[in-house]
Amino acid sequence: RVASMYDVIGRQVMTLYQIRDLVATAYVELINGTKTELLAAGGAGVFHDLVQISFANTSSVAQTITLLDESTTVKTVPIPATTGIVNLTFPVPIRQSAANAAWYVDLPDDVNSTVYIDAVFIKNV
């Protein structure tokens, strides 16, 4: 048995993914092809499932970003050159493979590239 949730005027609250306290956001700036942690591990028994991710490439060269779940490649995403922007939203979240694991992003070693990445995750326990 569970308790229902209602707003301040009595309407029942239903969310598509998760309640506010169980949503996590992440933002990183990828520079020079260095693998970077996008979202830290959530703790024992916590999965962070990916709902949305955006990429903005400021370099004059197209890039391919690798999204990793701890050390396993989940997806590679080509990003166009010079103000290239890619937004991906997943109607069914991409499930994290293990609890208490981090998400990472990486791009090929390119000393003149900067890619901005932001993402939204839902926590599942």
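Scroll up for the structure.
Since the model is a prediction, treat every value here as computed from it, not as a measurement. (Residues numbered from 1 in each chain as written. Predicted model: local features only at pLDDT ≥ 70, side-chain atom pairs only at ≥ 80, totals over all residues. Heavy atoms only, no water.)

Q: Can you walk me through a nonpolar patch on the surface in this structure?
A: Among the surface-exposed residues, Met5, Val13 and Ile19 lie close enough to one another that they form a single nonpolar patch of about 210 Å² accessible area. If you trace the backbone, valine 13 turns up in the segment before β1 (23-31). (Patch = residues over 30% accessible without salt bridge, like charges linked within 9 Å, V, L, I, M, F, W, Y side chains within 5 Å. Areas by Shrake-Rupley, 256 points an atom, 1.4 Å probe, with all protein chains shown as cover. Salt bridge = Lys/Arg side-chain N within 4 Å of Asp/Glu carboxyl O. Helix = DSSP H or I, 4+ residues; strand = E, 2+ residues; numbered from the N terminus.)

Q: Please explain the environment of histidine 48 as it appears in this structure.
A: Summarising the element assignment, histidine 48 is placed in strand β3 (residues 47-57). Between the alpha carbons of histidine 48 and tryptophan 103 there is a distance of 8.5 Å; along the sequence they are 55 residues apart. The residues contacting histidine 48, other than those within four sequence positions of it, are Ala24, Leu39, Ala40, Ala41, Gly42, Gln96, Trp103, Phe121, Ile122 and Lys123. (Contact = heavy atoms within 4.5 Å.)

Q: Even after reading the chapter, I still don't get the sheet that holds strand β5 (residues 72-79), so can you show me in this structure?
A: In sheet architecture, strand pairing relies on hydrogen bonds along the backbone and comes in two forms, parallel and antiparallel. In space, the four strands of this open sheet follow the order β2-β7-β4-β5, with antiparallel pairing throughout. For this open sheet the edge positions go to β2 (36-39) and β5, each flanked by a neighbour on one side alone. Strand-to-strand twist in this sheet, taken as the mean axis angle between neighbours without regard to direction, amounts to 30 degrees. Judged from the three bridges that link them, β2 and strand β7 (residues 103-106) form a sheet pairing that is antiparallel. Looking at β7, one finds that leucine 39 is bridged to tryptophan 103. (Pairing = 2+ DSSP bridges. Axes fitted to C-alpha atoms, helices over the stretch in contact; angles between N-to-C directions.)

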